[in-house]
Structure formats: structure tokens, C-alpha cells
Protein chains: 2
Amino acid sequence: MNSFRFHNPTQLIFGRNAVDQLGSNIAGYGKSVLLVYGGGSIKQTGLYDKVMAQLRSAGMAVHELAGIEPNPRLSTVHKGIELCRRHGVEFILAVGGGSVIDAAKAIAVGVPYEGDVWDFCMRRARIEKALPLGTVLTLSATGSEMNGNAVITNWEEKQKRSFGSIHAYPQFSILAPELTFTVPANQTAYGSVDMMSHVFEQYFSKTTGTPLQERLCESILQTVVENAPIAVREPENYDARANLMLCGTYALNGGMISVGMENDWASHAIEHEISAIYDIAHGAGLAIVFPNWMKYVYKERIDRFVQYAERVWAIERAGRTDDEMALAGIEATRAFFTSIGAPARLADVGIGSESLDRMAEEAVRFGPIGSFKKLGKDDVRAILEMCL
Amino acid sequence: MNSFRFHNPTQLIFGRNAVDQLGSNIAGYGKSVLLVYGGGSIKQTGLYDKVMAQLRSAGMAVHELAGIEPNPRLSTVHKGIELCRRHGVEFILAVGGGSVIDAAKAIAVGVPYEGDVWDFCMRRARIEKALPLGTVLTLSATGSEMNGNAVITNWEEKQKRSFGSIHAYPQFSILAPELTFTVPANQTAYGSVDMMSHVFEQYFSKTTGTPLQERLCESILQTVVENAPIAVREPENYDARANLMLCGTYALNGGMISVGMENDWASHAIEHEISAIYDIAHGAGLAIVFPNWMKYVYKERIDRFVQYAERVWAIERAGRTDDEMALAGIEATRAFFTSIGAPARLADVGIGSESLDRMAEEAVRFGPIGSFKKLGKDDVRAILEMCL
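Residues numbered from 1 in each chain as written. Chains lettered and ligands numbered in written order. Predicted model: local features only at pLDDT ≥ 70, side-chain atom pairs only at ≥ 80, totals over all residues. Heavy atoms only, no water.

**Focus on the nonpolar core**
Threshold: The term nonpolar core refers to a set of buried residues drawn from Ala, Val, Leu, Ile, Met, Phe, Trp, Tyr and Cys, joined through side-chain atoms within 4.5 Å. Exposure classes here rest on a 1.4 Å probe applied to the protein chains alone. A residue is buried below 20% of its type maximum, exposed above 50%, and partly exposed in between. Note on contacts: a residue pair qualifies if any of its non-hydrogen atoms lie within 4.5 Å across the two residues.
Ranked by internal contacts, the top residues of the largest apolar core, which has 238 residues, are Trp293 of chain A together with Trp293 of chain B. When residues no more than four places from it in sequence are discounted, the contact partners of tryptophan 293 of chain A are Phe204, Asp264, Ala266, Ser267, Phe305, Phe372, Leu375 and Ile383 of chain A.

**A few points about the pattern of salt bridges**
Opposite charge on two side chains allows them to pair when their charged atoms are near. Residue and element names in this part refer to chain A. For clarity, the cut-off: Whenever Lys or Arg places a side-chain nitrogen within 4 Å of a carboxyl oxygen from Asp or Glu, that contact is recorded as a salt bridge. Helix and strand assignments follow DSSP, with helices taken as H or I runs no shorter than four residues and strands as E runs no shorter than two, numbered in order from the N terminus.
Enumeration according to the criterion identifies 39 salt bridges over all chains in this entry. Linking arginine 381 and glutamate 385 is a salt bridge whose minimum nitrogen-to-oxygen distance equals 2.8 Å. Linking arginine 381 with glutamate 385, this pair stays in helix H15 (residues 377–387), spanning four residues, or about one helical turn. Classification of arginine 381 as partly exposed rests on a relative accessible area of 24%. One salt-bridge network, in which partners are shared between bridges, spans Arg161, Glu273, Glu362 and Arg365.

**Notes on the sheet that holds strand S4 (residues 91–96) of chain B**
Applied cut-off: Two strands are counted as paired when DSSP detects at least two bridges linking them. Orientation is described by lines fitted to C-alpha atoms, with helices fitted over the stretch in contact, and by angles between N-to-C directions that extend from 0 to 180 degrees.
Overall, mixed pairing links the twelve strands, which are arranged S3(A)-S2(A)-S4(A)-S5(A)-S8(A)-S1(A)-S1(B)-S8(B)-S5(B)-S4(B)-S2(B)-S3(B) in an open sheet. Each edge of the open sheet carries a strand with a single partner, namely strand S3 (61–65) of chain A together with strand S3 (61–65) of chain B. For this sheet, the mean angle separating the axes of adjacent strands, direction not counted, is 25°. By the bridge criterion, five bridges tie strand S2 (residues 32–36) of chain A to S3 of chain A in an arrangement that is parallel. Each residue of the ladder has a partner; that of leucine 34 of chain A, found in S3 of chain A, is histidine 63 of chain A. Relative to the sheet, helix H4 (residues 74–87) of chain A contacts S2, S3 and strand S4 (91–96) of chain A, its axis offset from that of S3 of chain A by approximately 160°. Across the sheet, helix H4 (residues 74–87) of chain B touches strand S2 (32–36), S3 and S4 of chain B, and the angle it forms with S3 of chain B is around 160°.

As C-alpha cells, this is what we get:
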């Protein structure tokens, strides 16, 4: 186990009708809030009205930034920062999924910063403070509701980059599983792939002496594997939605499940290049990339892949070699993704080979990616070719 | 899964030589610290000198409260409160195990309170604020380094009572596994029993629909079962000590592993009555009580006990009935405790039947205890008799 720091100050408020607790939790953060949301589905479901009633009950003046994109854009973040400055906003409330929350975080860290918030994504500046923010989660996937990370897309430059800071952790997140009943089957599947992928980035690690962390990772993977098909099949199954929501949050909440382990994150970097150009759902991209990354790297540490096959997929030895075990686990992963409706190849989402070079180059813009196996441009290109 | 709130603001600083980071972490909390510690073993190991050097480097004036008892006493807490008030102490640093940390918490919440801090243990007052505190952990067991709970003994009244508050969470805890190299085998065993018991209190629950939480609990149990015998046998095995330390912290850090589950805590209440009178090690008492509690209650929800036997102890069905499975898991627990040197019966620690009535009565002083099976005085007495 490596040395580590862990600090996650976000308060979770979880359960049916947890939205009713918004007003009492937001009171005390000032009198002016920026409400950030996406394409307006929260108006159809009635959530918007509930949130507004809670904000009114807390005596907050509400300013709105609607229309956050699925891959939230820097230009939209700029609009939010401008709104906050103009109206003296004191608190940011994100109502939505990971994209909405990420945009809210970028606004929160951007408001008190004199330069361009994109500096944080390009590692040209360090985040020193932020407006406080809270979230009402409507999609189980990214874990953004309980971490300090955000991913922003600079659409003009076709770049998707992330930042992370202790200052960007939400003060509180309201997790009401019934808010995800209306999430369509494909988004439910992509969200499930996303949370499993977050665990993969941590679990496939070269760090040794981490038996508890490995089991915590496997616990989430097994629980997603059990519950995602139920949620896809029965969208209003509260238990399945609640279990997925908790899995998504725990999968990426400041590294709780992988403290002291070196993380990888190469697959995310590769997927970000795909969705920076093609604007596909992040989880769909990950479903395509991850099994191919696994096949490309598994020999680096075959024991971890054997353990994965045995513990997560209950694949029995039955005379199999280590290679056969590892590959059976990878194949089970692919088959599972397919079974819940996630794509398997770039062709499935209409992407050809035209941008492979560019994506490979951009992925390693800051140097080789990954730690389980360090990947250079040629490696990334090879993995992308496997994805075709 | 039930509705829940989860909020754990404690920062963990974990790893070899993490004590070297004390100074930089304590700076900013004022100029005057109360250093709280136990019987002086930190002077023998050199830890005291290291801590003092760090505090000096941070420019802190240091006041000391030494001699915290293994079951920390209200009278000692009173002394600490008096010291803080007299010297205008701004921060409390606990260097030790759970007892020292618990005493520090009681001092922290007691200083700004006008009444007697015992009021909080007797539910006669609510904790509204506290001095900030930090910890340097020297014993893996209670999880007190990352939660807001404390257990205090009123020796005059032979009562051992607890309180909990968000205000009593440490600001930071320094977890350097090598500081536990000098913990003797019996204390290592009791600490391991303690952390497993914390998991049991959460895991044996009537709440359904909690597959992730159950696996998180099992993850800790399995990891303790693997690592405790190693630490007992090889006290300077860093990995085993590090794994146990993380298990102890995660086992009871504000309920992270059991969010949305009803907890039990009857066995702790029973053990508290034993150690309130006899001053035995808490973990030793738990080793005696828990398997007997299990035998007394397992029929309440036999499926959980079967799962426990299968997943934690890898006991195979092989034609066993549910009852046989459950009892085999309980027997494996007892055998494991014995194998690492923990006592099995009250007689092993020199306790007879003379105080059973009194202990049973005190245990239910505030009403029936437990939730897995609600226990009245007769139930507690029956369990204590099984412990003889």
C-alpha cells in the first residue's frame, strides 16, 4: 500500500423524497443561488418545480443557467461565471447528472479566479478557492456528486480536459433514487458502464498489498453487475436504482475504495478524445474502449486479471491457464456491456478510422498515459484500432 | 435500503512516517495545543519527541494531559477541560489509541459547554460545538480516528456511556502503520476483535436491499481475518499493520460501510457493562460476548448468518441446513478469536457470575437494546450466562 491522503467533506442526503430536504440544507449559504441544469427534462418530471419551491422556502433569489450539454462546454461555463459575477451569486446548485455537476464545479472555481477557468484544465493555474456548491443528482454514473473532479470540453479546440480540487467538492448532494426512474435504458446502461469503468481505473493497479481496497472495488463491480440489468428492465425498481446510485457515488468519491493504490486512467483519456470529437455518451465510449484496453494490457499483471475473473465473474479455474482466465474475465465484461445495451465497437456509434491518428496524438499531449501500462501514441492507436 | 445521511469530514494522512506531516497540518489551528496521551509508552518509543518537534516547528505552545486510562474516565476528561480553559487551548491533539482519542473528543466538546460533559453521555444535552481536534493513531481498533463517537467511563457510578456528534470528528488523523509495530500480541488481537465487532454491529441487520453495504462489510471482515494473525505473529510486518489500520478506520467511520442499514449495537452495550465494572480490555470483552450474542439471535434472520458463513468463512453447503451453516459460521468466529489469543469466556478474564444481574439491568437502563433482536433484561442476562 502506498502512502495517501483522503479527505471527502461532501455530505450525502440519500433516500426517497430527499429533495424535500434541499431547503433546510441550502439555508445558511447566502441569499442568491445559480440553478444549473440540462436540457429541461427536470421541467417535464416536475423536479424543477420541487426544487424552486425548496429554494423559495429557503428565501433564495434564483438565477438560472439551463442547457448544459451532455459533454459540458467551456463556453457554457463562461456564461455561468458571468451570471454569478453579475448577480453576486453565493451558492451554485446543480440539478442533473455528471455533466451538469461538472459544469457547476467549473463555474464555482471560475468565479473567484481572475484568469480563464480553462487554465485549471490545462494545468496553467492552481485552484485556490471556489463558491460553495450543492447537487441534486438525476443520473447515476460519474460520482461527481461526491468528488472534486470535473471534465470540461473546449469545443472550439476539440479538447476535453479535467481538473480536480478539494475546493470543488459539493457541500452536500441530494441522492433520491426515484429521480432516476425516468432515465432511459441506454443512459442507465452507459451510467453503469461509467461507474464500473471508474472502478477499473483504480482496481487494475500495479500497487501490491491492498487486499481491502481490491475487495471494495470488487464489491461495487459485483453490485453493479447484479443491479444494472434490473434497472434497465424495470426502470422504476427503487432498490435497483438505489443500489446503482450508491455504487456510482462510492465508485469515485475521492478515491475511498483505492486509497494507497496507483490509479491508471488511460482508458478515460482515450475515451475523452473520442467524445471530444464525436460527442458520444461518455459511458458508451468507455464500453467500447475498456475491454480492448484490458486485452492490450492484461499481461502486465495477470494475477489481478485472474482475480477479477474469479471474484467478479465467478469464473472457475477448471483447468484454465492464467491467460485463459484473464481473457474469460475480459470476455465476460464485454458480454455484460452488450447485454445491457452498450455498444461494443466504434462502428456501432458510427465512427470510422478517419481520426485515429489525431485522437492518439491528443491523448498523449501531456506525455504517456496510464500507469498499469504506460501508453504512448502507438499504444493508444493500437487500442483504438482494436475498437474499430 | 433506508434513507440516510452520511458526512465524514475527517482528513486521513496515511503512510510510513506520516507523523512528519503533523506540523504542517496543525499549523493554522492557533498557537496553543493540548497534547493528550496515555500511559507514557509514546515516550519509550520516541513518538513523544517526534510529536513535540512537530508541534514546536508549527510554533505551538504545548500543554499536556498524560495518563488517559484504557477505559477513559470522566474525572480525567474534567481535568483536560480545566486545562484547556485555564490556558486558552485552541486545538486538541490525541496521540494514542481509541481511549486517548475518545478522551480528547470529550474534552473538545466539553470545553465550550457550560454544563458537565457527562450530560452528553446521558442524553441530557446536545452537542452544539467543539474545539477542533486531531489524532496520531498508535493502535488499530476503535475507528475513533475517523468518526464523531466517544465512550467515557464514569468510574464513581460504574457507568460507561457514549456520545456522538459531527462536531467531534477529528479535523485530521495521522495513520502511520509502523507506530503499531510495538503493540503487543494481545492488544493486536483485541483491536482486531474490536474492528470485526464494529462490522458485526452493522452487518447483522434486518434492513434488506443493501447488497453493496453487505459486501463492504464482508470485505473488511475477510481482510482482518487474513491480516490479524500475521500482525500477531510478525509485529513489524508493515503490510499487515497497514491493512489492519485501514480496516479499523473503515469499519467505523460514520457508517460508510452500512449507510441505509439499521445497526444493532447490543453487544457493545453488554460489553460496556462488563468493562465498566471490571476494567477489562474492550476487545477482550467483545470476543467473549459476540459469538454468544450471535448464537442467541441468529434465528432472527438466518439468511444473513448463512451468507456470513459462506462469504467470510468460505464454509460450503455440503448438505448443511441453514441452522448448521449459521452455527458453523459462528463457531468459525469463536475459533478465530481463540486462534489470535482472545478470551472465550468470562472465566478466562477472572469474572464470575456475581454481577450478572446488575450488568443486565444497567445495559437496558435506557430501554431494550439492539435492533436485530430487541433485548430486554432477561435476554441480556441469558447472553451473559452463556458467556460464563
